[in-house]
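The chain contents come next:
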Number of protein chains: 2
Amino acid sequence: MSVSSIRKVKGGVTAARGFKAAGVRCGLKSKGKDLAVIYSEGEAEAAGVFTTNRFAAAPVRLCRRRLQRQTCAQSIVVNAGNANACTGERGDADAAAMAEQTASHLGLPPAEVLVASTGIIGVPMDRKKIERGIAAACRSLSRKGNDSAARAIMTTDLVPKQAARKLLLGRRRIPVLLGGIAKGSGMIHPNLATMLAFLTTDAAIDAKCLRRALRAAVEDSFNMMTVDGDTSTNDTVLLLANGQAGNRRITNPRSPDYEQFLSALKDLCQDLAIQIARDGEGATRLIRVVVEGARSREAARVVAKSVAGSNLVKTAVFGGDPNWGRIICAVGYSGVPIRPERVSLWIGRTLIVRGGQPRRQATAEAARKALAGKEVCLRIALGQGKASATAWTCDLTYDYIRINAEYHT
Amino acid sequence: MSVSSIRKVKGGVTAARGFKAAGVRCGLKSKGKDLAVIYSEGEAEAAGVFTTNRFAAAPVRLCRRRLQRQTCAQSIVVNAGNANACTGERGDADAAAMAEQTASHLGLPPAEVLVASTGIIGVPMDRKKIERGIAAACRSLSRKGNDSAARAIMTTDLVPKQAARKLLLGRRRIPVLLGGIAKGSGMIHPNLATMLAFLTTDAAIDAKCLRRALRAAVEDSFNMMTVDGDTSTNDTVLLLANGQAGNRRITNPRSPDYEQFLSALKDLCQDLAIQIARDGEGATRLIRVVVEGARSREAARVVAKSVAGSNLVKTAVFGGDPNWGRIICAVGYSGVPIRPERVSLWIGRTLIVRGGQPRRQATAEAARKALAGKEVCLRIALGQGKASATAWTCDLTYDYIRINAEYHT
């Protein structure tokens, strides 16, 4: 497949044909929009990936139940400002009510609506505000609603996050669109680093392939991105595919069409994941950790995440210091049986460690320069095989401490 | 076994009969003592636990090799200021030379000496300084050398760390002494959070039991303590037992004597681990995480370490905020299959969460007060079984960032 068949295009969750969205203010956050509805004109195949946290919030449990029973959905309702987590049976009822109200405004069966929430935990939802918000959002649905929807799912994110891709599918190069919005690890009272992403596509694809593609794309994007390593009660990625592109329906996960679709979806998810990492709390630099030469992809992933998750690596990058010792150390304690004498490390384009030992200090100045930019690439070659993986994170700064220590519940 | 048979006593690595120590300055650190020798008047059974980091430093590799071949050792030589890690074959030769020089001054076979190092990595040792330091330390060995030895292994630790215990063993209540020194997660150029501990006892115990006891004690102490989660290239715990207490030799790991010895050793190791956590970089508060009601000890350990390792929990404690949401979240993502509806959480003595849901806000003020002290206890009851575990950590502060970001290699 030629990569050139995937193109970055403007827009977000309404880039694909047949999708509308709206973001409105209902008053759960102290300011700004805080409720979004996403809607597909026709029924869509649906797939979801959810937090592994055992304290899964009520909306997560609702989505999981629905997507076990059904393969379709036509709308998503999301609120920011209240996570509806640790809220017991009342929480389950509130999540179900959000779906019912949205369905009633849109003339859908309630089961066609999926739900997500982010914000304060352990506090019951304000039902009146939510109800008014849902009514307003359903009235305002539009093809241009992507910006307002992207804003409405933010908590302390500094910027809205959206992306879209155009894929020319197969030999006939049928145009297929994919788009999405996301929110990152901004915290809110009492602050969980919830990660939400809502993706849409007009590809025709069956539910089995859609689920498989979403899992694979999330594995190489959102799951390889860390700000502080905490997995929230509400993390949710949802994907709707309404088939309006008119491509020949993708039903075989070993077909070239599936591979192309997966590449585009992965590219979209990575774009959103990078936007989230870049906007991590207090972040001044995006850090990309590339691991090559691993014996397996899983090994490469584990090493990349070990480095990306190290507070010592992240503070070194904040300090602009090419501290190879901290990076090598995080490679060594990842649990993967690496061979130290085969390991090389580049900071930017500068080879710093070869065969497990540092090169002459003369290279430090070049590495220091590589750390001066807004984006830092740490590349580690393990010399054991051909597998690779990339992880993304941000530096760990005074502002991270300020944001997370000075907030009072 | 009555706990009253274990008593805290003054002293450190020379508290047990027949042990001498010395700490001297050899010039590897910019100031202060930086080389220590520990010596047993008679041959001692020896046991060691080492870093799991694949980039194990040369002295770690040397100790591992020796303790695979032999069960005895009579001396330990340690330097601070240079970790002798990522130093290739030259590093192996330098570690062997440290052992040989120490052995020659003490009239021992070289194999009787174990070696440890902490400090800068990737830089060859300054052989002359080390050699002079070893000579001076061997000349100064004394029963009162525990303080100077404790100081000589410090890097950026703010205070030396030592502890000792007296155990009245068995029905005849034979006095057995245990003592030790440790260094914590202070960083030094270019800064790995090396954890070193050197323990001695005059108990008579065979090597098999000694190794088993050390592994068990480390599991419940040093391995349950985290400052920033990074496992260094040099982490080392060594234990020498010279038998001078004259107790009936412990040879059965199911005997009451073994159990008593293990309790005392665990108590000693926890004391040192807590001193390390309290002195974590930039720390203002010691955090103790107690997990009860788990299905297995391993499950309790995993949950306790998940909470102790959370940056969000640690910044909340720094901010003095009873942010139960972050704690519950870390319980939920630990990977242990907990049941949210059974989980309770206390901050200090205040019950904050019951059945997975927060109690009324009225309790927040009491919890806030519990966070105002120098020590904070977070207690989590899982309601699934009878196993428990405790982890220790410190809060995450501006000073952690300052220390780790402002240092330049």
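The coordinates are above.
Residues numbered from 1 in each chain as written. Chains lettered and ligands numbered in written order. Predicted model: local features only at pLDDT ≥ 70, side-chain atom pairs only at ≥ 80, totals over all residues. Heavy atoms only, no water.

Colleague: Help me understand the side chain of Asn242(B), please; the structure alone is not making it clear to me.
Modeller: Residue and element names in this part refer to chain B. One can find Asn 242 in the loop between strand 9 (236-241) and helix 6 (256-278). Of note is the side chain of Asn 242, whose polar atom sits 2.8 Å from the backbone oxygen of Arg 17. From its side chain, Asn 242 meets the backbone nitrogen of Gln 244 in a polar contact 3.1 Å long. Residues in contact with Asn 242, not counting those within four places in the same chain, are Arg 17, Gly 18, Phe 19, Ser 40, Gly 42, Glu 43, Ala 44, Thr 201, Asp 202 and Ala 203. (Helix = DSSP H or I, 4+ residues; strand = E, 2+ residues; numbered from the N terminus. Polar contact = N/O pair within 3.5 Å; in protein donor to acceptor, adjacent residues only side chain to side chain. Contact = heavy atoms within 4.5 Å.)

Colleague: Could you clarify how one ought to interpret the environment of Asp202(B) in this entry?
Modeller: All names here are of chain B. Among the structural elements, Asp 202 can be located in the loop between strand 8 (196-201) and helix 5 (207-219). Of the residues examined, Asp 202 reaches a relative accessible area of 0% and is grouped as buried. Separated by 178 residues in sequence, Asp 202 and Val 24 have C-alpha atoms that sit 25 Å apart. If we skip the residues at most four places from it in the chain, Asp 202 touches Ala 16, Arg 17, Phe 19, Val 176, Leu 177, Asn 242, Gly 243, Gln 244, Ala 245 and Asn 247. Looking at Asp 202, its side chain comes within polar contact range of the side chain of Arg 17, at 2.9 Å. (Buried < 20%, exposed > 50% of the residue type's maximum accessible area, 1.4 Å probe, protein only.)

Colleague: How should the packing of helix 8 (residues 311-318) of chain B against helix 9 (residues 324-332) of chain B be read in this particular structure?
Modeller: Pairs of packed helices are described in terms of their axes, by the angle between the two and the distance that separates them. Residues and elements named next belong to chain B. Their axes nearest at 9 Å, the elements helix 8 and helix 9 cross at an angle of 155°. Classified by the interaxial angle, the pair formed by helix 8 and helix 9 is roughly antiparallel. Along this stretch, helix 8 crosses helix 9, giving a crossing that reads as left-handed. For the pair helix 8 and helix 9, the contacting residues are Leu 312, Val 313, Thr 315 and Ala 316 in the first and Arg 326, Ile 327 and Ala 330 in the second. Looking at side-chain class alone, the contact of helix 8 with helix 9 contains five nonpolar, one polar and one charged residues. (Axes fitted to C-alpha atoms, helices over the stretch in contact; angles between N-to-C directions. Parallel < 35°, antiparallel > 145°, perpendicular 65-115°, else oblique. Left-handed = near helix turned anticlockwise from the far one by under 90°. Nonpolar A, V, L, I, M, F, W, Y, C, P; charged D, E, K, R; others polar.)

Colleague: Can you walk me through the relation of the copies chain A and chain B in this structure?
Modeller: Rotating chain A by 180° and moving it 0.0 Å along the rotation axis overlays it on chain B with an RMSD of 0.0 Å. The superposition of one copy onto the other is thereby described by a two-fold rotation axis. Closest to the rotation axis within chain A is the C-alpha of Tyr398(A), separated from it by 2.9 Å. Mapped onto chain B, 100% of the interface residues of chain A again fall at the interface, so both copies present the same surface. (Least-squares fit on C-alpha atoms with pLDDT ≥ 70 in both.)

Colleague: I keep staring at the sheet that holds strand 13 (residues 357-358) of chain B and nothing clicks. Help me out?
Modeller: Through backbone hydrogen bonds, the strands of a sheet pair up, either in parallel or in antiparallel fashion. Residues and elements named next belong to chain B. Read across the sheet, six strands follow the order 13-12-11-14-10-15 without closing on themselves; strand pairing throughout is mixed. In the strand order of this sheet, the two ends are held by strand 13 and strand 15 (387-394), each with one partner. Across the sheet, helix 7 (residues 297-308) lies against strand 10 (286-294), strand 14 (375-381) and strand 15, angled at about 20° from strand 15, the strand it touches most. (Pairing = 2+ DSSP bridges.)

Colleague: Can you walk me through helix 3 (residues 127-140) of chain B in this structure?
Modeller: Working note: α-helix, 3.6 residues per turn, so residues spaced by three or four point in the same direction. Residues and elements named next belong to chain B. Along its 14 residues, helix 3 runs 20 Å from first to last C-alpha, staying within 8% of the 20 Å computed at 1.5 Å per residue. The complete set of buried residues in helix 3 reads Ile 130, Gly 133, Ile 134, Ala 135, Ala 136, Ala 137 and Cys 138. Buried positions along helix 3 lie against strand 2 (19-24), strand 3 (35-50), strand 4 (72-82) and helix 2 (88-106). (Expected span 1.5 Å × (residues − 1).)

Colleague: So what exactly am I meant to see when it comes to the interface of chain A and chain B here?
Modeller: When the parts come together, some accessible area is lost, and that loss is often what is quoted as the size of the interface. Counting residues at the interface gives 59 residues for chain A, matched by 59 residues for chain B. Roughly 4,800 Å² of surface becomes buried between chain A and chain B when both sides are summed, with 59% attributable to carbon and sulfur atoms. If you sort the residues of chain A by the area they bury against chain B, Arg54(A), Phe55(A) and Tyr398(A) come out on top, with a joint share of 15%. If you look at where chain A meets chain B, you find zero salt bridges. Across the contact surface, chain A and chain B share five residue pairs in polar contact (both at pLDDT 80 or more). When residues of the side of chain A that touches chain B are traced back to their parent elements, those giving at least two are helix 8 (311-318), helix 9 (324-332), strand 13 (357-358) and helix 11 (398-405) of chain A. (Buried area = accessible area lost by both parts, 1.4 Å probe. Salt bridge = Lys/Arg side-chain N within 4 Å of Asp/Glu carboxyl O.)

Colleague: Help me out: how do you make sense of helix 8 of chain A in this one?
Modeller: All names here are of chain A. Of all eight residues in helix 8, seven are buried, a share of seventy percent or more. Capping of helix 8 at its N-terminal end is provided by Ser 310; its side-chain oxygen lies 3.2 Å from the backbone amide nitrogen of Leu 312. Positive backbone phi, approximately 70°, marks Gly 320, located one or two places after helix 8.

Colleague: In this structure, what is going on with the packing of helix 7 of chain B against helix 9 of chain B? I would like to understand it.
Modeller: Residue and element names in this part refer to chain B. At their nearest, the axes of helix 7 and helix 9 sit 8 Å apart, and the two run at 135° to each other. Judged on the interaxial angle alone, helix 9 and helix 7 are oblique. Taken as a pair, helix 7 and helix 9 cross one another with a handedness that is right-handed. Between helix 7 and helix 9, the residues in contact are Val 303, Ser 306 and Val 307 and Ile 327, Ala 330 and Val 331, respectively. Residue composition of the contact of helix 7 with helix 9, by class: five nonpolar, one polar and no charged.

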